[in-house]
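# Examining the three-dimensional arrangement
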Amino acid sequence: MNLSEIRIVVSTLLHQNKPEVTIATEQFNALLHISQLKHFKNTLGLPEEYAPGQWLPSRLPEVTRII
């Protein structure tokens with residue numbers, strides 16, 4: 001699935017729920033960038049959760065158990 005197909009799916013789902021809302025290409029690219037950063041942070045562990053003296057963030061053991 002490439003980006004144009006993903007954009008079509010998102011536009012279709014958005015149009016079904018809220019037909020008055022449209023997403024420009026720039027907005028779609030910004031939302032895609034934000035979502036991939038959130039996914040990346042959740043996968044590797046949130047840097048906000050690292051603390052001195054703490055070995056692992058709370059999400060990391062769940063990820064390693066899944067892997």
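Predicted model, so just to flag it, every value in this text is computed and none were measured. (Residues numbered from 1 in each chain as written. Predicted model: local features only at pLDDT ≥ 70, side-chain atom pairs only at ≥ 80, totals over all residues. Heavy atoms only, no water.)

### Re the overall build of the chain
Defined as follows: Runs of H or I in DSSP of at least four residues are treated as helices and runs of E of at least two as strands, each being numbered from the N terminus. Residue exposure (1.4 Å probe, protein chains only): buried if accessible area is under 20% of the type maximum, exposed if over 50%, otherwise partly exposed. Areas reported as accessible are Shrake-Rupley estimates using a 1.4 Å probe. Residue values count occlusion only from the protein chains shown.
The secondary structure content of the chain amounts to three helices and zero strands. The linear arrangement of helices and strands in the chain, starting from the amino end, is α-α-α. Expressed as a percentage of the 67 residues in the chain, the buried residues total 7%. Surface summary for the chain: the accessible area is close to 5,800 Å², and the carbon and sulfur share equals 64%.

### Considerations on the packing of helix α1 (residues 3-17) against helix α2 (residues 25-44)
We apply this condition: Lines fitted to the C-alpha atoms define the axes, with helices restricted to the stretch that makes contact. Angles between their N-to-C directions range from 0 to 180 degrees. An angle counts as roughly parallel when it lies under 35 degrees, as roughly antiparallel when it exceeds 145, as roughly perpendicular when it falls between 65 and 115, and as oblique in every other case. Every residue pair with non-hydrogen atoms within 4.5 Å of one another is taken to be in contact.
Contact pair α1 / α2: the axes reach a minimum separation of 12 Å and the direction vectors enclose 100°. One element, α1, and the other, α2, form an angle in the roughly perpendicular class. In this structure, α1 contributes Leu-3, Ile-6, Arg-7 and Val-10 to the contact, and α2 contributes Thr-25, Phe-28 and Leu-32.

### Observations concerning a nonpolar patch on the surface
Note the following rule: Each patch groups residues whose relative accessible area exceeds 30% and which form no salt bridge, using 9 Å between like charges and 5 Å between nonpolar side chains of Val, Leu, Ile, Met, Phe, Trp and Tyr. What makes a salt bridge here is a side-chain nitrogen of Lys or Arg within 4 Å of a carboxyl oxygen of Asp or Glu, nothing more.
On the surface, a cluster of nonpolar side chains totalling about 330 Å² of accessible area is made up of Met-1, Val-9 and Leu-13. Judged by its relative accessible area of 74%, Met-1 falls in the exposed class.

### Focus: the environment of Leu-3
Relative to the helices and strands, Leu-3 is located in helix α1. On the basis of relative accessibility, which here comes to 49%, the residue Leu-3 falls in the partly exposed class. Distance in space between the C-alpha atoms of Leu-3 and Asn-29 is 9.4 Å, their sequence separation being 26 residues. With sequence-adjacent residues up to four places away left out, Leu-3 is seen in contact with Phe-28 and Leu-32.

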